[in-house]
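The chain contents come next:
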Amino acid sequence: MSSTDSLNELDAQQLRALAASLMGELAARDAQIAGKDRELHVKQTHIDQLTQELALYKRWRFGRRSEQMNAEQASLFDEMMDADMAAIEVQIDALRGSAPPPAAASQPRRLRLPPALPRVQIHHEPASTVCGCGCALKRIGEDVSEKLDYTPGTFTVEQHIRGKWVCNRCETIQQAPVPAQAIDKGIPTAGLLAQVLVAKYADHLPLYRQEGIFARADLALPRSTLGEWVGVCGVRLQPLVDALRDEMLERTVLHADETPVQMLKPGTGKTHRAYLWAYTPTTYDTLRAVVYDFTPGRAGDHARQFLADWRGKLVTDDYVGYKASFTAGVTELGCMAHARRKFHELHANHQSQIAGQALEMIGALYAVEREAADLDADQRRQLRQERAKPAAQTLHRWLLAQRQRVPDGSGTARAIDYSLKRWQALTRYLDDGNAPIDNNWVENQIRPWAIGRSNWLFAGSLRAGQRAAAIMSLVQSARLNGHDLYAYLKDVLTRLPTQKNHQIGELLPHRWVPAS
């Protein structure tokens with residue numbers, strides 16, 4: 001029976017139902033197509049933005065410069081530009097969903113590795129040497145590719161040998177696939193990439209210095225190549241940093257602090273003050289982690305964007321940029337160390353008796369904290385209620401009395417006012433055994449950046465600063481968990497290309513276990 005005959009057999013009600021069903025299917029298909037179109041439009045817009053950004057970077061990198069930089073500054077600028085351009089190209093390729101275009105004939109040939117380096121052969125053969133037709137496959141040759149590997153103190157060359165097998169009957173050729181790598185078709189192994197990252201972000205060695213170190217080992221690895229590797233690794237590792245941030249924001253108490261970092265404005269020859277923000281759980285938390293966020297300024301919007309919908313308790317100094325988060329539902333915890341510091345400066349510089357008394361009374365609060373350090377949260381809160389809270393109330397009454405005796409505008413008045421105006425935030429820790437007395441823990445996590453600044457001078461771009469923040473988040477978190485940094489990054493970069501998205505958490509520093 002034809003479809004027309006079938007329709008003729010339907011009554012009016014059935015025809016109306018069929019029409020409604022077909023119209024519904026058509027509407028759903030139109031909506032699906034519209035959704036795909038929107039997705040493609042967003043993706044293409046992002047590709048266009050990245051392409052424009054890449055063109056701008058190339059003008060900065062290869063065009064005539066107006067910047068007045070010395071040789072060291074110029075070298076740092078170049079390596080950051082190389083890393084940024086490589087990162088953008090990887091992002092564009094990922095959005096297009098295709099492999100990068102083949103290298104042009106005019107580009108330099110692949111680096112030939114020194115023949116004197118020891119070779120380690122790694123064979124890759126098909127899982128089965130029996131053809132689908134039942135015949136045994138015959139080995140007719142092999143493809144050999146070389147990668148430069150590094151273990152602390154030693155360079156070696158990995159020779160990946162992929163045998164070619166053919167069936168004489170059906171002429172089918174089989175070959176094991178190329179193992180997935182952090183950088184496809186490149187010469188570095190995960191071990192060499194880990195070494196470059198550890199040297200740059202943990203030991204604070206700029207790439208031009210690493211280039212010299214490699215040259216002494218008779219390896220011509222230009223800083224432009226090293227920069228490209230760093231840029232690609234930054235993109236590859238970003239999902240881990242995002243996952244680490246998500247886990248950290250599940251905590252109810254966090255520290256936050258910020259420090260200035262000079263960032264170059266290409267085309268102007270000048271630097272301006274950018275900021276590095278650090279967020280970390282407390283020392284009482286089982287999660288040992290720190291996440292850095294690099295931003296072009298110190299506006300409070302940056303903290304709000306990082307914290308998003310988080311509504312826990314945040315330990316900070318008195319920077320006004322956090323106030324908007326506090327009005328949005330985040331609870332402020334003050335830093336007693338900052339209050340103490342005001343009196344310490346007075347006592348050290350002017351031998352103030354009032355400051356000396358204040359230091360003794362604040363010291364009593366810290367004495368309780370030393371006793372409470374190894375207790376659980378409930379026991380810590382109970383001890384604070386029994387001993388620290390009365391001491392804090394005494395300190396508060398004493399500060400109020402002393403404030404009446406000192407003139408306005410004096411150093412002593414300013415030190416007392418600092419504590420009195422923030423008293424509620426400074427003493428909230430007394431009622432929560434999970435809250436710390438001060439913000440010293442996160443200040444310690446910013447210290448690696450202070451050390452690094454003397455070596456890399458400035459961030460070459462916003463991208464470079466954000467990439468450094470991401471990689472150093474993993475480096476410092478791995479350090480907090482007691483891991484060997486080289487071993488951690490090598491294993492992560494080895495496993496990451498084949499790690500499933502829902503298993504990415506297994507590679508986070510606090511959960512990482514070396515692959516057996």
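Report on the accompanying structure. In this text the structure is predicted, and so the values were computed from the model without any measurement.

Our focus in this paragraph is the overall build of the chain. When its secondary structure is counted, the chain shows 16 helices and nine strands. Within the chain, the fraction of its 516 residues that count as buried is 46%. Relative to all contacts within the chain whose residues are 6 or more apart in sequence, the contacts with residues 24 or more apart total 67%. Split by element, the accessible area of the chain, about 26700 Å² in all, is 51% carbon and sulfur.

In this structure, Leu197, Trp229, Leu240 and Leu314 are the most contacted members of the largest nonpolar core, which totals 82 residues. A total of eleven residues in this core trace back to one element, the largest contributor, which is helix 6 (residues 223-248). In contact with Leu314, not counting residues within four places along its chain, are Leu254, His255, Ala256, Leu307, Tyr322, Phe326, Val330, Thr331, Glu332 and Leu333. Judged by nonpolar contacts, the second largest core, of 36 residues, contains Ile362, Ala392, Trp398 and Tyr429.

Take the pattern of salt bridges next. This model, assessed by the stated rule, comprises 21 salt bridges. Linked through salt bridges whose partners overlap, the residues forming this network are Asp318, Lys323, Glu332 and Arg422.

Moving on, we get to unusual backbone geometry. Across the chain, the bulk of peptide bonds are trans and the bulk of non-glycine residues have phi less than zero. One non-glycine residue, Asp218, adopts positive backbone phi at about 65°. Mapped onto the secondary structure, Asp218 falls in the loop between helix 5 (207-216) and helix 6. On the basis of relative accessible area, Asp218 is assigned to the exposed category, the value being 59%. Residues other than glycine seldom take positive phi values, yet Ala308 does so here, at roughly 50°. In this structure, Ala308 sits in the loop between helix 7 (300-307) and strand 8 (313-315).

Right, let's get into the packing of helix 6 against helix 15 (residues 462-480). At a minimum axis distance of 8 Å, the contact between helix 6 and helix 15 shows a crossing angle of 60°. As summarised for this structure, helix 6 and helix 15 are arranged oblique, according to the angle between their axes. Between helix 6 and helix 15 lies a crossing whose hand is left-handed. Contacts between helix 6 and helix 15 involve Val230, Gly231, Gly234, Leu237, Gln238, Leu240, Val241 and Leu244 on the former and, on the latter, Arg467, Ala470, Ile471, Ser473, Leu474 and Ser477. Classifying every residue of the contact of helix 6 with helix 15 gives eight nonpolar, five polar and one charged.

The next subject is the side chain of Arg162. Mapped onto the fold, Arg162 is located in strand 3 (residues 154-166). Looking at Arg162, its side chain comes within polar contact range of the main-chain oxygen of Ala176, at 2.9 Å. Discounting residues that sit within four places of it in the chain, Arg162 has contacts with His124, Gly141, Glu142, Asp143, Gln175, Ala176, Pro177 and Val178.

Now for the packing of aromatic side chains. Taken as a whole and assessed by the stated rule, the structure comprises eight aromatic pairs. Ring geometry for Phe155 and Phe214: centres 5.7 Å apart, planes at 70°, overall edge-to-face. Of this pair, Phe155 sits in strand 3 while Phe214 sits in helix 5, and the two are 59 residues apart along the sequence. Taken as a pair, Phe155 and Phe214 share a single burial class, namely buried. Taken together, the ring pairs in this structure connect Tyr150, Phe155, Phe214 and Tyr486 into an aromatic cluster. Here Lys200 stacks its cationic end above the ring of Tyr201, 5.4 Å away from the centre of that ring. Stacked on the ring of Tyr284, the Lys or Arg Arg380 has its end atom at 3.6 Å from the ring centre.

This part covers the packing of helix 4 (residues 190-201) against helix 6. Closest axis-to-axis distance for the helix 4/helix 6 pair is 10 Å, and the angle between their directions is 95°. If you check the angle between helix 4 and helix 6, you find them roughly perpendicular. From helix 4, Leu192, Leu193, Val196, Leu197, Lys200 and Tyr201 reach across to helix 6, where they touch Leu226, Trp229, Val230, Cys233 and Leu237.

The next thing to look at is helix 7. Listing the buried residues of helix 7 in full gives Gly300, His302, Ala303, Phe306 and Leu307. Summarising the axial view, the buried residues of helix 7 lie within an arc of 155°, below the 170-degree limit, and thus occupy one face. Two residues or fewer past helix 7, Ala308 is found with a positive phi of approximately 50°.

Basis of the calculations
- Residues numbered from 1 in each chain as written.
- Predicted model: local features only at pLDDT ≥ 70, side-chain atom pairs only at ≥ 80, totals over all residues.
- Heavy atoms only, no water.
- Helix = DSSP H or I, 4+ residues; strand = E, 2+ residues; numbered from the N terminus.
- Buried < 20%, exposed > 50% of the residue type's maximum accessible area, 1.4 Å probe, protein only.
- Contact = heavy atoms within 4.5 Å.
- Areas by Shrake-Rupley, 256 points an atom, 1.4 Å probe, with all protein chains shown as cover.
- Core = buried A, V, L, I, M, F, W, Y, C linked by side-chain atoms within 4.5 Å.
- Salt bridge = Lys/Arg side-chain N within 4 Å of Asp/Glu carboxyl O.
- Axes fitted to C-alpha atoms, helices over the stretch in contact; angles between N-to-C directions.
- Parallel < 35°, antiparallel > 145°, perpendicular 65-115°, else oblique.
- Left-handed = near helix turned anticlockwise from the far one by under 90°.
- Nonpolar A, V, L, I, M, F, W, Y, C, P; charged D, E, K, R; others polar.
- Polar contact = N/O pair within 3.5 Å; in protein donor to acceptor, adjacent residues only side chain to side chain.
- Phe/Tyr/Trp six-rings, centres within 6.5 Å; stacked < 30°, edge-to-face > 60°.
- Lys NZ or Arg CZ within 6 Å of the ring centre and 35° of its normal.
- Arc of directions from axis to C-beta.

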